[in-house]
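Chain by chain, the residues:
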Amino acid sequence: MDRSVFTRTFNKETVPDWRCPTCGTGKLTLKPDSLTVGEGSNSRQAHDHPAWGPEWIDYRFSCMFLCDSKPCAEVVACVGTGSVDHYGWFDEQTGHEEESYEDFFTPKLFVPPLVLMDIPKECPDSVCVRLKQSFAMYFADPGGAMNAGRAAVEALMTELGVARYTNSKGKRHPIPLHKRIEKLTAKYATPLKEMLIAVKWLGNAGSHDGNEPEHEHVRLMYDMLEHCLAEIYDNKVKKLKALAKQVNKKKGI
Ligand SMILES: [Zn+2]
(Lines give C-alpha, C1' and ligand atoms only; values in the text may rest on other atoms or scores of the structure.)
Protein backbone atom coordinates (compact mmCIF):
# COMPACT_ATOMS: atom_id res chain seq x y z
CA MET A 1 0.00 0.00 0.00
CA ASP A 2 1.21 3.51 -0.78
CA ARG A 3 1.34 5.16 2.65
CA SER A 4 2.60 8.55 1.41
CA VAL A 5 -1.04 9.79 1.38
CA PHE A 6 -1.06 9.56 5.19
CA THR A 7 1.71 12.16 5.43
CA ARG A 8 -0.47 14.79 3.73
CA THR A 9 -2.65 17.54 5.15
CA PHE A 10 -6.02 18.67 3.77
CA ASN A 11 -8.01 21.86 3.33
CA LYS A 12 -11.46 22.82 2.10
CA GLU A 13 -10.42 22.47 -1.53
CA THR A 14 -8.15 19.44 -1.45
CA VAL A 15 -8.36 16.12 0.41
CA PRO A 16 -5.61 13.50 -0.14
CA ASP A 17 -6.54 10.15 -1.63
CA TRP A 18 -7.73 8.65 1.67
CA ARG A 19 -9.73 5.46 1.20
CA CYS A 20 -12.91 4.65 3.11
CA PRO A 21 -12.09 2.42 6.12
CA THR A 22 -15.35 0.48 5.71
CA CYS A 23 -15.61 -0.43 2.01
CA GLY A 24 -11.91 0.07 1.18
CA THR A 25 -12.68 1.33 -2.32
CA GLY A 26 -14.53 4.65 -1.92
CA LYS A 27 -12.58 7.88 -1.53
CA LEU A 28 -13.17 10.19 1.43
CA THR A 29 -14.57 13.62 0.59
CA LEU A 30 -15.06 16.50 3.02
CA LYS A 31 -18.75 16.78 4.01
CA PRO A 32 -19.82 20.27 2.95
CA ASP A 33 -19.98 22.78 5.83
CA SER A 34 -18.86 20.19 8.41
CA LEU A 35 -15.41 21.78 8.98
CA THR A 36 -15.43 23.73 12.26
CA VAL A 37 -12.26 25.62 13.11
CA GLY A 38 -11.21 27.40 16.32
CA GLU A 39 -7.99 29.15 17.24
CA GLY A 40 -6.16 28.05 20.42
CA SER A 41 -5.99 30.40 23.42
CA ASN A 42 -2.22 31.04 23.22
CA SER A 43 -2.51 31.51 19.48
CA ARG A 44 -5.26 34.18 19.92
CA GLN A 45 -3.26 36.05 22.56
CA ALA A 46 -0.17 36.06 20.32
CA HIS A 47 -1.95 38.36 17.82
CA ASP A 48 -0.86 41.33 19.99
CA HIS A 49 2.84 40.51 19.52
CA PRO A 50 4.56 43.08 17.28
CA ALA A 51 6.18 40.34 15.17
CA TRP A 52 2.90 38.37 14.78
CA GLY A 53 2.15 36.84 11.38
CA PRO A 54 -0.53 34.40 10.16
CA GLU A 55 2.06 31.59 10.25
CA TRP A 56 1.82 31.76 14.06
CA ILE A 57 -1.81 30.63 14.04
CA ASP A 58 -2.57 27.33 15.78
CA TYR A 59 -6.00 25.88 14.90
CA ARG A 60 -8.06 23.03 16.28
CA PHE A 61 -10.68 21.55 13.94
CA SER A 62 -13.41 18.93 13.65
CA CYS A 63 -15.08 17.72 10.47
CA MET A 64 -16.84 14.83 8.76
CA PHE A 65 -15.68 12.93 5.70
CA LEU A 66 -18.07 10.99 3.49
CA CYS A 67 -17.27 7.91 1.41
CA ASP A 68 -18.03 8.75 -2.23
CA SER A 69 -19.06 5.17 -2.99
CA LYS A 70 -22.87 5.30 -3.13
CA PRO A 71 -23.79 1.92 -1.65
CA CYS A 72 -21.41 2.53 1.28
CA ALA A 73 -21.61 6.30 1.97
CA GLU A 74 -19.74 5.80 5.27
CA VAL A 75 -19.40 8.82 7.60
CA VAL A 76 -15.93 9.32 9.16
CA ALA A 77 -15.43 11.83 11.98
CA CYS A 78 -12.08 13.61 12.24
CA VAL A 79 -10.38 16.02 14.66
CA GLY A 80 -6.93 17.58 14.62
CA THR A 81 -4.84 20.72 14.41
CA GLY A 82 -4.20 23.30 11.69
CA SER A 83 -1.87 26.07 10.59
CA VAL A 84 -1.49 28.72 7.92
CA ASP A 85 1.00 28.51 5.05
CA HIS A 86 2.42 31.59 3.37
CA TYR A 87 3.00 31.65 -0.39
CA GLY A 88 4.95 34.47 -2.06
CA TRP A 89 5.73 34.94 -5.76
CA PHE A 90 6.63 37.59 -8.29
CA ASP A 91 3.86 38.39 -10.78
CA GLU A 92 5.53 39.32 -14.07
CA GLN A 93 2.30 40.78 -15.49
CA THR A 94 1.70 43.24 -12.65
CA GLY A 95 5.39 43.65 -11.79
CA HIS A 96 4.51 43.24 -8.09
CA GLU A 97 5.46 40.79 -5.37
CA GLU A 98 2.27 38.84 -4.58
CA GLU A 99 1.44 36.73 -1.52
CA SER A 100 -1.37 34.57 -0.23
CA TYR A 101 -2.16 32.56 2.89
CA GLU A 102 -3.78 29.14 2.98
CA ASP A 103 -5.15 27.13 5.90
CA PHE A 104 -4.14 23.49 6.12
CA PHE A 105 -5.27 20.81 8.58
CA THR A 106 -3.46 17.82 10.11
CA PRO A 107 -5.71 14.96 11.36
CA LYS A 108 -5.01 13.49 14.80
CA LEU A 109 -7.93 11.05 14.96
CA PHE A 110 -10.32 9.37 12.53
CA VAL A 111 -13.44 7.51 13.73
CA PRO A 112 -13.61 4.81 12.41
CA PRO A 113 -9.80 4.67 11.94
CA LEU A 114 -8.35 4.71 8.42
CA VAL A 115 -6.89 1.38 7.29
CA LEU A 116 -3.12 1.92 6.99
CA MET A 117 -2.00 -1.52 5.79
CA ASP A 118 -3.14 -4.25 3.40
CA ILE A 119 -4.28 -7.15 5.59
CA PRO A 120 -4.79 -10.59 3.99
CA LYS A 121 -8.34 -11.96 4.29
CA GLU A 122 -7.00 -15.04 6.08
CA CYS A 123 -5.29 -12.98 8.80
CA PRO A 124 -6.76 -14.09 12.20
CA ASP A 125 -9.05 -11.71 14.13
CA SER A 126 -6.71 -11.58 17.15
CA VAL A 127 -4.00 -10.05 14.93
CA CYS A 128 -6.44 -7.75 13.06
CA VAL A 129 -7.74 -6.33 16.37
CA ARG A 130 -4.21 -5.26 17.38
CA LEU A 131 -3.53 -3.79 13.94
CA LYS A 132 -6.74 -1.75 14.09
CA GLN A 133 -5.74 -0.48 17.55
CA SER A 134 -2.46 0.60 15.98
CA PHE A 135 -4.22 2.40 13.10
CA ALA A 136 -6.46 4.24 15.60
CA MET A 137 -3.39 5.67 17.38
CA TYR A 138 -1.18 6.33 14.36
CA PHE A 139 -1.93 10.03 13.79
CA ALA A 140 -1.89 11.17 17.45
CA ASP A 141 0.50 8.73 19.12
CA PRO A 142 3.13 7.03 16.91
CA GLY A 143 4.70 5.32 19.97
CA GLY A 144 1.35 3.78 20.93
CA ALA A 145 0.79 2.70 17.31
CA MET A 146 4.16 0.88 17.33
CA ASN A 147 3.40 -0.75 20.65
CA ALA A 148 0.12 -2.12 19.26
CA GLY A 149 2.03 -3.35 16.17
CA ARG A 150 4.32 -5.30 18.48
CA ALA A 151 1.24 -6.75 20.23
CA ALA A 152 0.02 -7.86 16.79
CA VAL A 153 3.23 -9.91 16.42
CA GLU A 154 2.65 -11.47 19.87
CA ALA A 155 -0.88 -12.45 18.74
CA LEU A 156 0.54 -13.75 15.45
CA MET A 157 2.97 -16.04 17.30
CA THR A 158 0.08 -17.47 19.33
CA GLU A 159 -1.93 -18.04 16.12
CA LEU A 160 1.07 -19.82 14.56
CA GLY A 161 1.17 -22.21 17.53
CA VAL A 162 4.20 -20.82 19.41
CA ALA A 163 3.86 -21.24 23.20
CA ARG A 164 3.45 -18.04 25.26
CA TYR A 165 4.67 -19.49 28.56
CA THR A 166 7.13 -21.98 29.99
CA ASN A 167 6.42 -23.90 33.18
CA SER A 168 9.11 -24.29 35.77
CA LYS A 169 8.73 -25.30 39.43
CA GLY A 170 4.97 -25.08 39.03
CA LYS A 171 5.11 -21.45 37.89
CA ARG A 172 4.22 -20.00 34.50
CA HIS A 173 6.81 -17.67 32.94
CA PRO A 174 6.09 -15.61 29.81
CA ILE A 175 8.46 -16.32 26.90
CA PRO A 176 10.00 -13.11 25.48
CA LEU A 177 8.71 -12.22 22.01
CA HIS A 178 12.21 -12.45 20.50
CA LYS A 179 12.49 -16.10 21.63
CA ARG A 180 8.96 -16.88 20.43
CA ILE A 181 9.82 -15.64 16.92
CA GLU A 182 13.00 -17.76 16.91
CA LYS A 183 10.89 -20.79 17.91
CA LEU A 184 8.82 -20.58 14.71
CA THR A 185 9.10 -23.84 12.79
CA ALA A 186 11.48 -24.21 9.83
CA LYS A 187 8.43 -23.75 7.57
CA TYR A 188 8.95 -20.03 8.10
CA ALA A 189 12.13 -18.80 6.42
CA THR A 190 14.90 -16.96 8.25
CA PRO A 191 14.32 -13.61 6.41
CA LEU A 192 10.70 -13.65 7.62
CA LYS A 193 11.81 -14.26 11.22
CA GLU A 194 14.40 -11.48 10.93
CA MET A 195 11.73 -9.10 9.71
CA LEU A 196 9.41 -10.02 12.61
CA ILE A 197 12.29 -9.43 15.03
CA ALA A 198 12.83 -6.00 13.43
CA VAL A 199 9.12 -5.25 14.03
CA LYS A 200 9.64 -6.30 17.65
CA TRP A 201 12.57 -3.86 18.04
CA LEU A 202 10.53 -1.07 16.50
CA GLY A 203 7.67 -1.93 18.86
CA ASN A 204 10.06 -1.81 21.83
CA ALA A 205 11.12 1.68 20.75
CA GLY A 206 7.45 2.64 20.89
CA SER A 207 7.10 1.67 24.54
CA HIS A 208 10.47 2.61 26.05
CA ASP A 209 12.09 5.92 26.87
CA GLY A 210 14.50 7.29 24.32
CA ASN A 211 14.05 9.01 20.99
CA GLU A 212 10.40 9.76 20.35
CA PRO A 213 9.10 7.44 17.61
CA GLU A 214 8.11 9.29 14.47
CA HIS A 215 5.36 8.53 11.96
CA GLU A 216 8.02 7.36 9.47
CA HIS A 217 9.07 4.62 11.94
CA VAL A 218 5.47 3.40 12.20
CA ARG A 219 5.17 3.35 8.42
CA LEU A 220 8.37 1.28 8.24
CA MET A 221 6.84 -1.12 10.77
CA TYR A 222 3.67 -1.37 8.62
CA ASP A 223 5.82 -2.07 5.51
CA MET A 224 7.42 -5.00 7.33
CA LEU A 225 4.22 -6.32 8.92
CA GLU A 226 2.39 -6.09 5.58
CA HIS A 227 5.11 -8.15 3.92
CA CYS A 228 5.19 -10.75 6.73
CA LEU A 229 1.41 -11.21 6.80
CA ALA A 230 1.31 -11.55 3.00
CA GLU A 231 4.09 -14.17 3.19
CA ILE A 232 2.19 -16.13 5.84
CA TYR A 233 -1.44 -15.73 4.83
CA ASP A 234 -1.83 -14.36 1.35
CA ASN A 235 -2.50 -17.27 -0.94
CA LYS A 236 -2.03 -14.99 -3.89
CA VAL A 237 1.64 -14.62 -3.01
CA LYS A 238 2.02 -18.38 -2.59
CA LYS A 239 0.29 -19.05 -5.91
CA LEU A 240 2.42 -16.43 -7.68
CA LYS A 241 5.59 -17.95 -6.24
CA ALA A 242 4.48 -21.43 -7.36
CA LEU A 243 3.68 -20.05 -10.82
CA ALA A 244 7.04 -18.26 -10.95
CA LYS A 245 8.77 -21.57 -10.16
CA GLN A 246 6.84 -23.29 -12.96
CA VAL A 247 7.72 -20.52 -15.42
CA ASN A 248 11.39 -20.64 -14.41
CA LYS A 249 11.48 -24.43 -14.73
CA LYS A 250 10.03 -24.28 -18.23
CA LYS A 251 12.03 -21.13 -19.02
CA GLY A 252 8.78 -19.70 -20.41
CA ILE A 253 5.07 -20.46 -20.47
ZN1 LIG B 1 -17.03 3.35 1.77
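Everything below is about the structure printed above this text.
Residues numbered from 1 in each chain as written. Predicted model: local features only at pLDDT ≥ 70, side-chain atom pairs only at ≥ 80, totals over all residues. Heavy atoms only, no water.

The next point concerns a negative patch on the surface. The grouping of Glu13, Glu55, Asp85, Glu99, Glu102 and Asp103 at the surface amounts to a negative patch. Of all the elements, strand E5 (residues 96-111) adds the most residues to the negative patch, at three residues. Tracing the sequence through the fold places Glu102 in strand E5. Owing to a relative accessible area of 34%, Glu102 belongs among the partly exposed residues under this scheme. (Patch = residues over 30% accessible without salt bridge, like charges linked within 9 Å, V, L, I, M, F, W, Y side chains within 5 Å. Areas by Shrake-Rupley, 256 points an atom, 1.4 Å probe, with all protein chains shown as cover. Salt bridge = Lys/Arg side-chain N within 4 Å of Asp/Glu carboxyl O. Lys, Arg positive; Asp, Glu negative; His and termini not counted. Charge placed at Lys NZ, Arg CZ, Asp CG, Glu CD. Helix = DSSP H or I, 4+ residues; strand = E, 2+ residues; numbered from the N terminus. Buried < 20%, exposed > 50% of the residue type's maximum accessible area, 1.4 Å probe, protein only.)

With that settled, the discussion passes to the coordination of the zinc ion. Around the zinc ion, the protein contributes the donor atoms Cys20 (SG), Cys23 (SG), Cys67 (SG) and Cys72 (SG), which lie 2.3 to 2.4 Å from the metal centre. Around the zinc ion sit four donor atoms, and with donor-metal-donor angles ranging over 105 to 116° the site reads as tetrahedral. Summarised as a motif, the one-chain spacing of the donors to the zinc ion is C-x2-C-x43-C-x4-C. What makes Cys67 buried here is its relative accessible area of 6%. (Donors = N, O, S within 2.8 Å, 3.2 Å for Na, K, Ca; no water. Tetrahedral: all angles 85-135°; square planar, octahedral: opposite > 155°, others 65-115°.)

With that settled, consider unusual backbone geometry. Here the residue pair Val111 and Pro112 is connected by a cis peptide bond, since its omega of -5° sits within 30 degrees of zero. Structurally, Pro112 can be placed in the loop between E5 and helix H2 (125-137). We note that Asp33 has phi near 65°; this positive angle belongs to a residue other than glycine. Position of Asp33 relative to the elements: it lies in the loop between strand E1 (28-30) and strand E2 (36-39). Using a relative accessible area of 81% as the deciding quantity, one classes Asp33 as exposed. Unlike most non-glycine residues, Ala73 shows phi in positive territory, near 50°. For Ala73, a relative accessible area of 42% gives the class partly exposed.

Take the state of the cysteines next. Applying the stated criterion across every chain yields a total of zero disulfides. Unpaired in terms of disulfides, Cys63 finds its nearest cysteine sulfur in Cys78, a separation of 4.6 Å. Free of any disulfide, Cys228 has its nearest cysteine sulfur in Cys123, 11 Å distant. (Disulfide = S-S within 2.5 Å.)

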